[in-house]
Amino acid sequence: MQRRTLLATASAAIMALAAPAMAQDEPLKVGFIYVGPVGDGGWTYQHDLARQAVEEEFGDRVETTFIESVPEGADAERALTQLALAGNKLIFATSFGFMDPVMNVAAKFPDVKFEHATGYKTAENVATYDARFYEGRAVIGTIAGRMTESNKIGYIGSFPIPEVIQGINSSFIHARKVNPDVEMRVVWAYSWFDPAKEAEAASALLAEGVDVILQHTDSTAPLAKAQEAGAIGFGQASDMAAFKPSPRVASIIDEWSPYYIKRVGEVLDGTWESGSSWAGIGDGEVVIGEITDAVPAEVKAEAEALRDKIGSGEYHPFTGPLNKADGTEWLAEGEVASDQDLQSMNFFVEGIDAQIPQ
Amino acid sequence: MIDPLSVFLLLLSASTPILFAALGELVAERAGVLNLGVEGMMITGALAGFAAAYASGNPFLGFAAAALAGALISFLFVVLTQVFLANQVASGLALTLFGLGLAAMFGKPFEGVKAPPMPAGPLDINWIVWLGLAMVPAVWWFLNRSRPGLILRGVGENHDAAHALGYGVRATRMAAIAFGGAMAGVGGAFISIATVLQWTEGMTAGAGWIALAIVVFSRWTAPGVLAGAWLFGGVTVLQLRLQAAGVQVPVQLLSMAPYLATILVLVLISARQKFSRRGGGAAPGSLGLNFHALR
């Protein structure tokens, strides 16, 4: 008897508590899965800053959660399902390797909207978004070409995928534009984030006579090695300001906040639609960090002018004439690369003396 | 062409973190303790060392703090396995997970700042690299030529016999685990203080697991550990160096090579145990077994 009374009282209390909460608008729940830790100081760190920007923008109207260090593959499916079951109505999956897990989970939760970074598969409730990092690469490639004294610039690649190859080509094209003698050395680290390996890759490049290092991996290790050897480098994904003014002479910053705020706002208004977004410098998604005084004023001015020309749409970093590394023609004089061409890029441009691992 | 000396110099610093961690684990395993928490102790050392170096401005103080922190966190493993006789494999894995999480949590205030520069040692080689190289003969001498080393090996080979002879099995193992922790801590700190110069979460990126593989590869000897560390470090450095020189190399195949070598060594060891009476180079007899004194 007593127990029954207790139960009745308890359920009444719960009803009483729940009722007002139901009456007012529940906040929109937005979930994020990250491939690395939020403290990586690079890729994931920037995504998390954008998540915080969303919270700041919408206040009580949204509630965000994230799961960090989710391995690409089957585990991602579990993490996504967990977020969907927890009532998240919009889920951002922030790495290329989450692509198939996103598609599978999205099919099971048609009323949940998914946003997948850097992928190419979309559905009714799956949109993709990416940033035109190669635009930023053109700017730092210009600085690299001007700054090198040994005429050898090194590039630490993560994986030989189109996004990374675009960056290598773009920086090489613009380095050579300002310095016809420049050579590019490429080392593949086969990791997005492995500080020790990145440091070794940087050392290997430096031993080869390279004096400017570009990186498409996320740790600051290459900058530390560059500093020891008196070489220079660039911040990747985040500003890496601790290495200012040299060896970090500039940086490419991924700024996801405008996109995240826009998409969350659209879900709140009910105007969200699937699609593919690929924004660059002009939309504020790719930002060039402060160019320090270690760079001569005229080089800085040149780089900033290029940045502004790309931002306004006046100039495209992949404008012909450009040949592929095997000597065949890719773009004719004045021709601009199509987005499809870029998204499947699997070749180096003429002048890079290296093979892409198959 | 590629200058072999420059490859060797790169190899020395690339192999230092795993050399320290593997030497520490070697001593622990020779005492009969299988501690899979190397990765967790390394990351703890990486953070503590970085924090101390950053706060004091002295990198050497950082390494001392890393050794202390590594030994302290290994105490958790001591309590679990030596006092409560918990399963060593499970406790070691727990230590790794705990260390990674703990370091991530306490590391937040140290993100984005830079370590003080390390003064170069003799021949322009880092002092800690020299220390690592010196530790190889030191550990060898201790294990093979000193009386405490003999007792430690006895405890690892047959803890019941060692106990019957009146040696303190538990005390010996506690000391060996603490030494392993301190060495792993220094190895981790080499990555944060000397290689990367910054703290980032998860920065040891699996080096602790490689150290565990090296101990097996070494057939539980100090010179073998050096050979293993150089093989692992050397393959990494060489393939990167070849790439930088523009030589086409099968990266995945080369990266696999040390692991293949480890598997091969394991096969050879078990074959030798099966077919020869002497059974040299096998794992310590009491490895991974807990000891409880009945009398």
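Residues numbered from 1 in each chain as written. Chains lettered and ligands numbered in written order. Predicted model: local features only at pLDDT ≥ 70, side-chain atom pairs only at ≥ 80, totals over all residues.

Draft legend 1. Spotlight on the overall build of chain B. What chain B contains, in helices and strands, is 11 helices and zero strands. Starting at the N terminus and ending at the C terminus, chain B contains elements arranged as α-α-α-α-α-α-α-α-α-α-α. The C-alpha atoms of chain B give 19 Å as radius of gyration, which agrees with the globular expectation for 295 residues (19 Å, within 12%). For the C-alpha atoms alone, the extent of chain B along its principal axes is close to 60 × 45 × 35 Å. Looking at the 295 residues of chain B, the share that counts as buried comes to 52%. Once local pairs closer than 6 in sequence are excluded, the contacts in chain B between residues at least 24 apart make up 79%. (Helix = DSSP H or I, 4+ residues; strand = E, 2+ residues; numbered from the N terminus. Rg over C-alpha atoms; globule rule 2.2 N^0.38 Å. Buried ≥ 20, exposed ≤ 12 C-beta atoms within 10 Å, placed from the backbone. Contact = placed C-beta atoms within 7 Å.)

Draft legend 2. Quick look at helix α10 (residues 222-244) of chain B. Relative to the 33 Å expected for 23 residues at 1.5 Å per residue, α10(B) spans 32 Å between its end C-alpha atoms, a close match to the ideal helical length. Burial analysis of α10(B) places 17 of its 23 residues in the buried class, which makes it a mostly covered element. (Expected span 1.5 Å × (residues − 1).)

Draft legend 3. Main features of the packing of helix α7 (residues 195-207) of chain A against helix α8 (residues 221-229) of chain A. Residue and element names in this part refer to chain A. Direction vectors running N to C along α7 and α8 enclose 35°, while the axes themselves pass 7 Å from each other. Pair α7 / α8 crosses with right-handed handedness. Contacts from Pro 195, Glu 198, Ala 199, Ala 202, Ser 203 and Leu 206 of α7 reach α8 at Ala 221, Pro 222, Ala 224, Lys 225, Ala 226 and Ala 229. Here the residues of the contact of α7 with α8 are counted per class, giving nine nonpolar, one polar and two charged. (Axes fitted to C-alpha atoms, helices over the stretch in contact; angles between N-to-C directions. Left-handed = near helix turned anticlockwise from the far one by under 90°. Nonpolar A, V, L, I, M, F, W, Y, C, P; charged D, E, K, R; others polar.)

Draft legend 4. Broad picture of the sheet that holds strand β7 (residues 183-188) of chain A. All names here are of chain A. Spatial strand order, β7-β6-β8-β9-β10-β12: six strands in an open sheet with mixed pairing. Single-partner strands in this sheet number two, and they are β7 and β12 (286-289). Between one strand axis and the next, the sheet turns through 20° on average, direction left out of account. Across four bridges, the pairing between strand β10 (residues 248-254) and β12 is antiparallel. Paired with Asp 254 across the two strands is Val 286, which belongs to β12. Where helix α6 (residues 162-178) meets the sheet, it contacts β6 (152-157), β7 and β8 (212-215), and its direction lies at approximately 170° from that of β6. (Pairing = 2+ DSSP bridges.)

Draft legend 5. A look at helix α3 (residues 59-83) of chain B. Residue and element names in this part refer to chain B. The end-to-end C-alpha separation of α3 is 35 Å, in line with the 36 Å expected for 25 residues at 1.5 Å each. Remark: the principal bend of α3, roughly 30°, maps to Phe 77. Within two residues after α3, Leu 85 carries a phi angle of roughly 55°, on the positive side. (Bend = angle between axes of the 7 residues up to and from the residue.)

Draft legend 6. Inspection of the nonpolar core at higher detail. The biggest cluster of nonpolar side chains holds 151 residues, and the ones touching the most others in it are B:Ala22, B:Leu23 and B:Ile214. Sorting elements by how many residues they give to this core places helix α8 (residues 169-196) of chain B first, with 16 residues. One finds A:Tyr45, A:Leu83, A:Tyr129 and A:Tyr260 within the second-largest nonpolar core, a separate group that totals 33 residues. (Core = buried A, V, L, I, M, F, W, Y, C linked by C-beta atoms within 7 Å.)

Draft legend 7. How the structure looks around the domain arrangement of chain A. All names here are of chain A. In terms of domain boundaries, chain A breaks down into domain 1 (2-131) and domain 2 (134-253 + 287-343). Of note, the centres of domain 1 and domain 2, computed from C-alpha atoms alone, are 35 Å apart. Across the contact, nine residues belong to domain 1 and 10 residues belong to domain 2. Split by residue class, the side of domain 1 that touches domain 2 holds three nonpolar, five polar and one charged. (Domains from an automatic or database assignment.)

Draft legend 8. A look at the interface of chain B and chain A. Listed by partner, the interface residues are 32 residues for chain B and 30 residues for chain A. Here the side of chain B that touches chain A gets six residues from one element, more than from any other, and that element is α10(B). Grouping the amino acids of the side of chain B that touches chain A by side-chain chemistry returns 16 nonpolar, 11 polar and five charged.

Draft legend 9. Region of the structure containing the packing of helix α1 (residues 4-30) of chain B against helix α5 (residues 127-145) of chain B. Residue and element names in this part refer to chain B. α5 packs onto α1 with a crossing angle of 25° between their chain directions and a minimal axis gap of 9 Å. When the axes of α1 and α5 are compared, the pair comes out roughly parallel. The interaxial crossing formed by α1 with α5 has left-handed handedness. Here α1 contributes Leu 12, Ser 13, Thr 16, Leu 19, Phe 20, Leu 23, Leu 26, Val 27 and Arg 30 to the contact with α5, which in turn contributes Ile 128, Val 129, Gly 132, Met 135, Val 136, Val 139 and Leu 143. Of the residues assigned to the contact of α1 with α5, the class counts are 12 nonpolar, three polar and one charged. (Parallel < 35°, antiparallel > 145°, perpendicular 65-115°, else oblique.)

Draft legend 10. Main features of the confidence of the model for chain A. Looking at chain A as a whole, the pLDDT averages 87, with 93% of positions reaching at least 70. The model gives residues 14-24 of chain A a pLDDT under 50, and that stretch makes zero contacts with residues more than four places away or in other chains. (pLDDT = per-residue confidence, 0-100.)

Draft legend 11. Structural context of the sheet that holds strand β4 (residues 113-117) of chain A. All names here are of chain A. Taken in spatial order, the six strands of this open sheet run β2-β1-β3-β4-β5-β11, and their pairing is parallel. Looking at the sheet topology across the chains shown, the edges are occupied by β2 (62-67) and β11 (276-279). Strand-to-strand twist of the sheet, defined as the mean angle between neighbouring strand axes without regard to direction, takes the value 20°. Running at roughly 165° to β2, helix α2 (residues 43-58) makes contact with β1 (28-33) and β2 of the sheet. Packed on one face of the sheet, helix α3 (residues 74-85) meets β1, β2 and β3 (90-93) and runs near 170° to β1.

Draft legend 12. Broad picture of the UniProt feature "transmembrane region" (unreviewed entry) in chain B. Residue and element names in this part refer to chain B. When the UniProt feature table is mapped onto this chain, "transmembrane region" (unreviewed entry) is found at residues 31-53, 60-79, 85-106, 127-143, 174-197, 209-233 and 253-271. The span residues 31-53 is 70% helical and 0% strand by assignment, and the distance between its end C-alpha atoms comes to 32 Å. Summarising residues 209-233: 84% helix, 0% strand, and an end-to-end C-alpha distance of 14 Å. (UniProt positions renumbered as here; feature names shortened; annotations may be inferred.)

Draft legend 13. Inspection of the pairing of β6(A) at higher detail. Residues and elements named next belong to chain A. For β6, the tally of buried residues reaches five of six residues, placing the bulk of the element in the interior. Looking at chain direction, β6 and β7 are connected through six bridges and run parallel. Considered in β7, the bridge of Gly 154 is made with Arg 185. After leaving β6, the chain enters α6 and then returns to the sheet as β7, a path that is right-handed. Relative to β8, β6 is paired through four bridges, and the arrangement is parallel. (Right-handed = clockwise from strand over helix to strand, strands pointing away.)

Draft legend 14. Expanded view of the UniProt feature "domain: ABC transporter substrate-binding protein PnrA-like" (unreviewed entry) in chain A. If you check UniProt for "domain: ABC transporter substrate-binding protein PnrA-like" (unreviewed entry), the listed places come out as residues 29-313 of chain A in our numbering. Each end of residues 29-313 of chain A is marked by a C-alpha atom, and these two atoms are 36 Å apart; helix forms 42% of the span and strand 22%.

Draft legend 15. Looking closely at unusual backbone geometry. The residue after A:Lys244, namely A:Pro245, is reached through a cis peptide bond having omega -10°. Mapping A:Pro245 onto the fold places it in the loop between β9 (232-237) and β10. Geometrically, the link from A:Gly320 to A:Pro321 is a cis peptide bond, its omega value of 5° lying close to zero. With respect to the helices and strands, the residue A:Pro321 is situated in the loop between α10 (297-311) and β13 (322-323). The backbone phi angle of A:Thr118 is positive, close to 65°, even though this residue is not glycine. With respect to the helices and strands, the residue A:Thr118 is situated in the loop between β4 and β5 (126-131). Phi at B:Leu197 takes a positive value of approximately 65°, unusual for a residue other than glycine. Its place among the elements puts B:Leu197 in the loop between α8 and α9 (207-217). By the C-beta count within 10 Å, which is 29 here, B:Leu197 ends up buried.

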